[in-house]
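Spelled out, the chains give:
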Amino acid sequence: LPYTPSGSNVPDNEDLNNDNTLNELESYYEYQVELRPTEMEVGRNNIVDQVVHYENGEEVKWYLFRIPIRQPDNSYGGISGYKSIRFIRTYLTDFQQPVVLRMAKFQFVGSQWRAFQESLFQRGFAEVPEPDNSNLTVGVVNIEENGQGSETQSPYVLPPGIERDRDNTSTVERQLNEQSLRLCVENLQARDARAVFKNVNQDLVQYGRLKMFLHAESQEAVSGEMTAFIRMGTDYTDNYYEIEVPLQLTPPGTRDPRQIWPLENEIDIAIDEIVGVKASRDNNHNPQNLAYTERIRQYNVTVVGRPELSMIQGMMIGIKNPGTAGGGSKSICIWANELRVTDFNKSSGWAANARLNAQIADVAVISSSIRHNTFGFGGLETRLSERARESTTQYDVSANVSVDKLLPSGLGLSIPLYLSFENSKTTPQFDPLNADVPFEVTLQKFRTSQERRDYQNLVLDQAKRKNFSLNNVRKIRDPEKETNRIYDLENFSASYAFGSVRQSNIQTESYIYETYNGNLSYNYQPDPLIFEPFSKSEFLGGRYLQLIRDINFNLVPSLLSARIDVDRRYMKTQNRNDQLSTAGVDPLFQKSFFINRFYNLNWDLTQNLSLDFSSNVNAVVDEPEGELDTEYKLDSLRANIKRLGRVTNYNHQFVANYSVPFDKIPLTDWINADVRYEATYSWLTGSIGQKDTLGNVIQNTQDRSINGKLDFVKLYSKSKRLQRLNTPKRPTIPGRQPKEEEEEVPASDGLGNALLNFAMMIKDINFRYQITRGTFLPGYMENTGLLGMDRSFINPGLGFIFGSQHSDIRFDLANNGIIAPSTQLTQTFRQNEARNLQMTSTVEPFRDFRIVLELRKRETGQYSEIFRNLEGTAGYGSINPNRLGGYGISYNIIKTAFARDDAKNNSPLFRDFESYRSTIKSRLEVENPGGEYNINGQDVLIPAFLAAYSGKSATDVGLSPFPKFPLPNWRVDYRGLSR
């Protein structure tokens, strides 16, 4: 049997990824490990530790190698990067005698801590050497691999007070490994440092203390000569805190945890002490770009720049040689373990709400509330780190007042008034410019109480809101008043609303946001004035003259309405500079001012004919830039308001509905029909910078439709006999004698009545036919005025604004000189049309069996072109004309539902097959003389696309597989065979 030997000088398999391909590319990194006995020492040859134990009385040594991946000894094949490493190959060379190697474990060890590549040399006037990290080694030590130690190296033990975690999820409870970060540096010269760093995102202001255990060992240095440090801040060189501690060296060979982890090396410092160094620097007005250091017990705490413990973005752990410039270089290794923060700030906060509502008779309703919360307040669901870091006081008062209740009732006015006022003030727990320094500590740096009050006013976030509105102020119509005149005050109503927000904080000197909204409405609904000239004519009596007798006209409109809306928004933001003043910082303005107008006219001209017209005009009032602080700017704004702004959009809609009076004629009262005509028109302004060259855009639509119903049941009911057949039988009540008229109702049974019911199977027909057309025309140069026309009331023409779809409209306007003269116009002129027909019918051939028939037909078409002034010619013309169309219709498939499913009886093409047979055969024989063909025993081959033409596949119609020669592209129709 085949077997795999434990070792061989021939690879047992070269296809490691099982892709059945031998890759001969040799591209790899090479790392060399010396196995000579003279090189097997801790600290050399990538050996970081050794473990000695005895087996059967013999000494056995295990060595722990840690090979830095990014420091290869050689590279081959032009390899670059570590993103596509797929295989690892291990081989041994230069052995002269047999040897046995036991390799316990291969594994990759990654670390979130990376060596800092920039210079950490102490700042000063001396020359800064180039950074070199070749003498820095980064690794880990742990209790399972490094717990034995040696004569020159301390064993790894747990720091005092630390217990190993336990894995309770496994079947057998076990202790987890515990390890520390290990930094070793060789020949570190005086005033220089080496470190590792890790990017983080931490908020430490709510914690009390920062702690970490440190172990140090060296054969060259003495205790207190070397230091370890921690840096934390937003970066590592310009904005950071640094805590530096002198290192006590551990005697070689000791196993005492307190000597391995000396208390003097442990970092245990309060967060307030760290932040206090920055506060002292600021109070003493020292430069921020220079390192400022204070001694706190055995620690040197340094601050550079403006770091914030509320936003720590980087942590650094390093070794420093603080010796003088003439001092020698030193080598040292340190262990760093359990970097942590403790003593979370558990101070509680409180909050309170109060609300008061009062009603003053029927005149006013007043509501007020006050809310306050202190530092540290949070809901039950919030985490400790999410609790409030500010104290906020907020109150508001609002009132709804019926002002008309305070006026004489005879005035008949309705004046609803709304008022509200809101004020809020927020005091931060920490200084906004120093987010880790308490605000009370920051205030201590000011010398006078006035300076403290000024800074406090800058820091506080204060906001004030005011609102005032009068909604639908009007004069109420007296119900006893008989007259309804067009100029009555009751037809008018007005509204006005004002709102403002004012806010300031440390970054914003002032923020002002104001809104102004107002409208004036007019609504007039006159009493109908109906003229019926023949309503009292006796000679027009009778049903057949009802159409003439009911002729009527309404001489006044049904509704006249107009409304003008004003909407202005003003926002000003004044930011501060880095000196907390506004010098050199221009305010930012955002302003908008709109005046919109709406018009409506509804006129029921007769009982059957109604006309509706509605339009709206959108306009922009152009305000001067910046603050309105000069008389010139105010005059310009007033002039624009008087012109009601600059029109940007105009839209109107005209609808005419007519109900055809078939019900007035007895012979046609079973027919209902409504005719509708709808037209829309829009004018859209062009962009300000190109309006004079590219013009504006106009477009219109026209929609004509007729809706109707043929009620055949009502038609049948004109016959007494048929009416009785269509009238359902009344249920008989036992013991009750039928009335005479009930006795005269004939039974619906019998052959004659059955035939009559079958003849009356069509119960109704509903239909709708609609034609929709539209035109889109760019490049229109004129502005809009009354009804969307220009000032001369000529262009674009009454026909166009009421839906005309004349195809030569673009040429007519161009001839009038009102199409943009630019040769760069690229918007397309478009006209489209859609025709829709929908019909539904209910058919009941016999009782309780109803069939709904539906017919649909739709046709669409569109024409587009670029119509513009042609360069180099004397007129306008079209570019890139394009015409599209579509068609859809419903289809009756009932006639084929029960037909035979074969080609000869189902497809017209194959029904006429025999007539084409001889022609096809002769043509095919010309293409392939002597060829073989076979279809259902016939000697003629029909190509597969003929089957597709009939709606079936070649297999469905019994065709043989594809022929043995290339087929010509035949086209078959009922007029013959052609190619």
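Residues numbered from 1 in each chain as written. Predicted model: local features only at pLDDT ≥ 70, side-chain atom pairs only at ≥ 80, totals over all residues. Heavy atoms only, no water.

Caption draft 1: Representation of the overall build of the chain. Helix and strand counts for the chain stand at 17 helices and 42 strands. In the chain, the proportion of contacts linking residues at least 24 apart, taken out of those at least 6 apart, comes to 68%. Accessible surface for the chain amounts to roughly 60,300 Å². Of this, 51% is attributable to carbon and sulfur atoms. (Helix = DSSP H or I, 4+ residues; strand = E, 2+ residues; numbered from the N terminus. Contact = heavy atoms within 4.5 Å. Areas by Shrake-Rupley, 256 points an atom, 1.4 Å probe, with all protein chains shown as cover.)

Caption draft 2: Quick peek at the pairing of strand β9 (residues 179–188). Most of β9 is tucked away: seven of the ten residues are buried. The pairing of strand β6 (residues 136–142) with β9 spans seven bridges and is classified as antiparallel. Among the inter-strand pairings, N142 is bridged to a residue of β9, identified as Q179. By the bridge criterion, six bridges tie β9 to strand β18 (residues 330–342) in an arrangement that is antiparallel. (Buried < 20%, exposed > 50% of the residue type's maximum accessible area, 1.4 Å probe, protein only. Pairing = 2+ DSSP bridges.)

Caption draft 3: Local environment of the state of the cysteines. Enumeration over the complete set of coordinates arrives at one disulfide. Paired by a disulfide, C184 and C333 hold their sulfur atoms 2.0 Å apart. Across the S-S bond linking C184 and C333, the dihedral sits near 120°, which makes this disulfide right-handed. In this pair, C184 is assigned in strand β9 and C333 in strand β18, connecting sequence segments 149 residues apart. Judged by its relative accessible area of 9%, C184 falls in the buried class. (Disulfide = S-S within 2.5 Å.)

Caption draft 4: Inspection of the pattern of salt bridges at higher detail. Taken as a whole, this structure holds 43 salt bridges when the rule is applied. Between R563 and D565 there is a salt bridge, with its nearest N and O atoms 3.1 Å apart. (Salt bridge = Lys/Arg side-chain N within 4 Å of Asp/Glu carboxyl O.)

Caption draft 5: Structural context of the environment of E225. Inspection of the secondary structure puts E225 in the loop between β11 (209–217) and β12 (227–233). Separated by 105 residues in sequence, E225 and K330 place their C-alpha atoms 9.3 Å apart. Each residue touching E225, except ones within four places of it in the same chain, is listed here: N321, P322 and K330. Among the polar contacts listed, one links the side chain of E225 to the side chain of K330, at a separation of 3.4 Å. (Polar contact = N/O pair within 3.5 Å; in protein donor to acceptor, adjacent residues only side chain to side chain.)

Caption draft 6: Region of the structure containing the side chain of K211. Tracing the sequence through the fold places K211 in strand β11. It turns out K211 is buried and unbridged, and the closest side chain with the opposite charge, D268, is 4.1 Å from it. Discounting chain neighbours no more than four positions away, the residues touching K211 are I267, D268, E338, L339, R340 and T342. (Lys, Arg positive; Asp, Glu negative; His and termini not counted.)

Caption draft 7: Quick look at the packing of aromatic side chains. Tallying each qualifying case throughout the model produces 25 aromatic pairs. Ring geometry for W261 and W335: centres 6.0 Å apart, planes at 55°, overall tilted. Of this pair, W261 sits in the loop between α1 (257–260) and β14 (267–270) while W335 sits in strand β18; the two residues are 74 residues apart in sequence, bridging distant segments of the chain. An identical accessibility class is assigned to W261 and W335; each is buried. Ring plane angle 35° and centroid distance 6.2 Å describe the contact between F712 and Y716, whose orientation is recorded as tilted. Within this pair, F712 and its partner Y716 are both found in helix α8 (residues 712–716), separated by four residues, close to a single helical turn. (Phe/Tyr/Trp six-rings, centres within 6.5 Å; stacked < 30°, edge-to-face > 60°.)

Caption draft 8: Seen up close, the pairing of strand β39 (residues 849–869). The pairing of strand β38 (residues 829–846) with β39 spans 16 bridges and is classified as antiparallel. Paired with R835 across the strands is E859, a residue of β39. Pairing between β39 and strand β40 (residues 876–889): twelve bridges, direction antiparallel. In the strand pairing of β40, G861 is matched with G885.

Caption draft 9: Quick look at the sheet that holds β18. Taken together, five strands build an open sheet; the order of strands is β6-β9-β18-β11-β14 and the sheet is antiparallel. Of all the strands in the sheet, just β6 and β14 have a single pairing partner and so form its edges. Between one strand and the next, the sheet's axes are offset by a mean angle of 25°, whatever the strand orientation. Most of the contacts of helix α2 (residues 271–283) go to β14, to which it runs at about 65°, and overall it touches β11 and β14. (Axes fitted to C-alpha atoms, helices over the stretch in contact; angles between N-to-C directions.)

Caption draft 10: Broad picture of the sheet that holds strand β10 (residues 192–202). Strand order in this open sheet of seven strands is β5-β10-β17-β12-β13-β16-β15, and the pairing throughout is antiparallel. Two strands in the sheet have a free side with no partner beyond their single neighbour: β5 (114–115) and β15 (292–296). Packing of α2 onto the sheet brings it into contact with β12, β13 (240–246), β15 and β16 (299–304), and relative to β15 it is tilted by some 135°.

Caption draft 11: Region of interest: a nonpolar patch on the surface. On the surface, a nonpolar cluster with roughly 1,000 Å² of combined accessible area is contributed by L529, F531, F534, Y544, L547, I548, I551, F553, L555, I665 and L667. Within the secondary structure, I551 sits in the loop between α5 (546–549) and β30 (553–554). (Patch = residues over 30% accessible without salt bridge, like charges linked within 9 Å, V, L, I, M, F, W, Y side chains within 5 Å.)

Caption draft 12: Quick look at the nonpolar core. Judged by nonpolar contacts, the single largest core of 45 residues is most densely connected at M232, I267, I274, L309 and I332. With residues near it in sequence (within four places) discarded, I267 still touches L210, K211, M212, L214, I230, I243, V245 and Y299. Of all hydrophobic cores here, the second largest spans 21 residues; its members include F613, A656, W683 and F829. (Core = buried A, V, L, I, M, F, W, Y, C linked by side-chain atoms within 4.5 Å.)

Caption draft 13: Local environment of the environment of T582. Looking at where T582 falls in the secondary structure, it is placed in the loop between β31 (559–575) and β32 (588–603). Measuring from C-alpha to C-alpha, the distance between T582 and E509 comes to 7.4 Å, with 73 residues separating the pair along the chain. The residues touching T582, leaving out its near neighbours within four places in the chain, are E509, Q574, N575 and N577.

Caption draft 14: Highlighting the environment of E266. Within the secondary structure, E266 is located in the loop between α1 and β14. The exposure class assigned to E266 is buried, which follows from its relative accessible area of 12%. Along the primary structure E266 and F213 are separated by 53 residues, whereas in three dimensions their C-alpha atoms are 4.7 Å apart. In contact with E266, other than residues within four places in its own chain, are M212, F213, Q298, Y299 and R340.

Caption draft 15: Local environment of α2. A rise of 1.5 Å per residue sets the reference length of α2, with its 13 residues, at 18 Å; its end C-alpha atoms lie 18 Å apart and thus fit the reference within 8%. Three or more residues of α2 are buried, namely I271, I274, V275, V277, K278, A279, R281 and D282. (Expected span 1.5 Å × (residues − 1).)

Caption draft 16: Fine view of the confidence of the model for the chain. In this model, the chain carries an average pLDDT of 84, and 87% of its residues clear a pLDDT of 70 or more. Confidence over residues 906–916 falls short of pLDDT 50; this stretch has 28 contacts with residues more than four positions distant or in other chains. A low-confidence stretch, residues 930–979 (pLDDT under 50), is modelled with 89 contacts involving residues beyond four sequence positions or located in other chains. (pLDDT = per-residue confidence, 0-100.)

Caption draft 17: Up close: unusual backbone geometry. The omega angle of the peptide bond from N795 to P796 is 0°, so this bond is cis rather than trans. Here P796 shows up in the loop between β37 (762–780) and α12 (798–801). The residue N187 is not glycine, and still its phi comes out positive at about 50°. Looking at where N187 falls in the secondary structure, it is placed in strand β9. Notably, R297 is not glycine yet its phi reads approximately 55°, a positive angle. Relative to the helices and strands, R297 is located in the loop between β15 and β16.

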